[in-house]
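So you can see what is in the structure, the chains are spelled out below.
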2 protein chains.
Amino acid sequence: MFRIDPLSRQPVYEQLIEQLEKLVLTGLLPADSQLPSVRSLSLELSINPNTIQKAYSDLDVRGIIYSVPGIGCFVAKNAAEILQAHMRRKLDQLRQLADDLALAGIPEEELIDSIHTVYQERGVHL
Amino acid sequence: MFRIDPLSRQPVYEQLIEQLEKLVLTGLLPADSQLPSVRSLSLELSINPNTIQKAYSDLDVRGIIYSVPGIGCFVAKNAAEILQAHMRRKLDQLRQLADDLALAGIPEEELIDSIHTVYQERGVHL
DNA sequence: AAGGTGTACTATCTGACATAGTACACCTAT
DNA sequence: ATAGGTGTACTATGTCAGATAGTACACCTT
């Protein structure tokens with residue numbers, strides 16, 4: 001269900017957060033659906049329970065999920081909305097990247113084509 | 001000449017590398033021009049000489065600069081070409097980012113507009 | 001009562017990053 | 001020849017984030 005690379009420069013808990021966020025955005029994890037328990041996910045991914053909890057805690061603080069002690073963690077009602085609003089910050093990263101590529105002399109058309117292709121594939125798969 | 005943020009998540013030596021690469025790509029550091037000495041740059045930026053040398057060593061290995069012991073470090077002849085070729089890997093990052101934004105429901109037009117704006121500004125400034 | 005759940009806490013380990021200090025070989029200018 | 005600049009190499013130390021290990025508590029369900 002999850003792909004974790006312990007050798008990545010990106011921390012494990014961040015990898016977990018991003019993949020959970022994508023599951024929410026794609027609708028594979030609808031509102032009020034239960035997340036894997038800290039311990040079960042810990043066993044499945046061979047990751048320390050504390051690392052899982054760190055990811056869940058972060059998502060909880062940001063309102064993406066809510067936790068019921070003794071029961072489990074669940075996807076919040078407006079999780080997708082929060083994520084969509086937050087995703088717009090990635091537009092800044094896109095601009096920064098485009099600026100670097102422009103500086104390197106990569107023609108604008110190449111970027112446009114790449115994006116267009118991505119959006120076409122996304123449209124087909126959904 | 002350089003802007004270093006010691007508190008950034010990005011290592012200081014990487015910040016230095018990126019800024020040097022941009023100076024090469026913009027032509028502000030032409031081929032065979034001499035780079036600041038390890039010790040002078042160390043004093044100017046209040047950074048340990050070892051950190052500067054780590055950045056220079058990395059650039060040397062990749063063929064961006066060449067060092068002459070006892071003399072100094074200089075920009076390689078084909079530095080800009082190497083960087084341009086290497087920059088295309090950033091297109092992968094761009095695609096990944098576009099895929100995330102597509103997933104979040106950000107319309108394709110917003111990305112296109114952002115990129116177009118970046119390229120227009122770049123065109124003006126150069 | 002047993003076993004699952006989230007949560008909290010301390011302790012420890014690891015690796016990357018950065019600093020500090022020293023030393024060597026080389027070249028240039030005086 | 002001397003002094004001072006250059007790159008380079010090396011060891012030691014400090015710092016911090018990330019991850020692990022272990023324990024413990026409160027809660028709920030069965």
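To be clear, the structure that these remarks concern was listed above.
Residues numbered from 1 in each chain as written. Chains lettered and ligands numbered in written order. Predicted model: local features only at pLDDT ≥ 70, side-chain atom pairs only at ≥ 80, totals over all residues. Heavy atoms only, no water.

Looking at DNA strand D, there are 23 residues lining it, with Val12, Asn48 and Asn50 of chain A together with Ser37 and Ser67 of chain B nearest. Counting only atoms of DNA strand D within 4 Å of the protein, the sugar-phosphate share comes to 60%. The contact in question runs from a base nitrogen of DNA strand D to an N or O atom on the side chain of Asn50 of chain A, over 2.7 Å. Within the contact set of DNA strand D, a phosphate oxygen lies 2.9 Å away from a side-chain nitrogen or oxygen of Ser37 of chain B. (Near = heavy atom within 4 Å. Polar contact = N/O pair within 3.5 Å; in protein donor to acceptor, adjacent residues only side chain to side chain.)

With an RMSD of 0.2 Å, the fit of chain A onto chain B corresponds to turning through 179° and sliding 0.1 Å along the axis. Both chain copies can therefore be described as sitting about a two-fold axis. Both copies present the same face, since 100% of the interface residues in chain A are matched by interface residues at the equivalent positions in chain B. (Least-squares fit on C-alpha atoms with pLDDT ≥ 70 in both. Contact = heavy atoms within 4.5 Å.)

Ranked by size, the top nonpolar core spans 74 residues in total, and within it Leu111 of chain A together with Leu111 of chain B carry the most contacts. Other than its neighbours up to four places away in sequence, Leu111 of chain B contacts Leu91, Leu94, Ile115 and Tyr119 of chain A together with Ala98, Leu101 and Ile106 of chain B. (Core = buried A, V, L, I, M, F, W, Y, C linked by side-chain atoms within 4.5 Å. Buried < 20%, exposed > 50% of the residue type's maximum accessible area, 1.4 Å probe, protein only.)

Let us now look at the pairing of strand E2 (residues 72-75) of chain A. Residues and elements named next belong to chain A. Burial along E2 is two-sided: Gly72 and Phe74 and Cys73 and Val75, pointing in opposite directions, are all buried. Bridge count for strand E1 (residues 65-68) against E2 is four bridges, and the pairing is antiparallel. Along E2, the bridge assignment pairs Ser67 with Cys73. Where E1 folds back on E2, the antiparallel hairpin that results is connected by three residues, among which Gly70 adopts a positive phi of roughly 90°. (Helix = DSSP H or I, 4+ residues; strand = E, 2+ residues; numbered from the N terminus. Pairing = 2+ DSSP bridges.)

So, on to the interface of chain A and chain B. How big an interface is tends to be expressed through the accessible area that disappears when the partners come together. Taken together, the contacts link 35 residues of chain A with 35 residues of chain B. Together, the buried faces of chain A and chain B total about 3900 Å²; carbon and sulfur atoms form 66% of this surface. At the junction of chain A with chain B, the criterion picks out 10 salt bridges. In this structure, Arg88 of chain A engages Glu110 of chain B in a salt bridge whose closest nitrogen and oxygen atoms are separated by 2.8 Å. Scanning the region where chain A abuts chain B turns up 14 residue pairs in polar contact (both at pLDDT 80 or more). Broken down by element, the side of chain A that touches chain B gets its largest block of residues, 13 residues, from helix H5 (residues 90-103) of chain A. Its residues assigned to classes, the side of chain A that touches chain B shows 18 nonpolar, six polar and 11 charged. (Buried area = accessible area lost by both parts, 1.4 Å probe. Salt bridge = Lys/Arg side-chain N within 4 Å of Asp/Glu carboxyl O. Nonpolar A, V, L, I, M, F, W, Y, C, P; charged D, E, K, R; others polar.)

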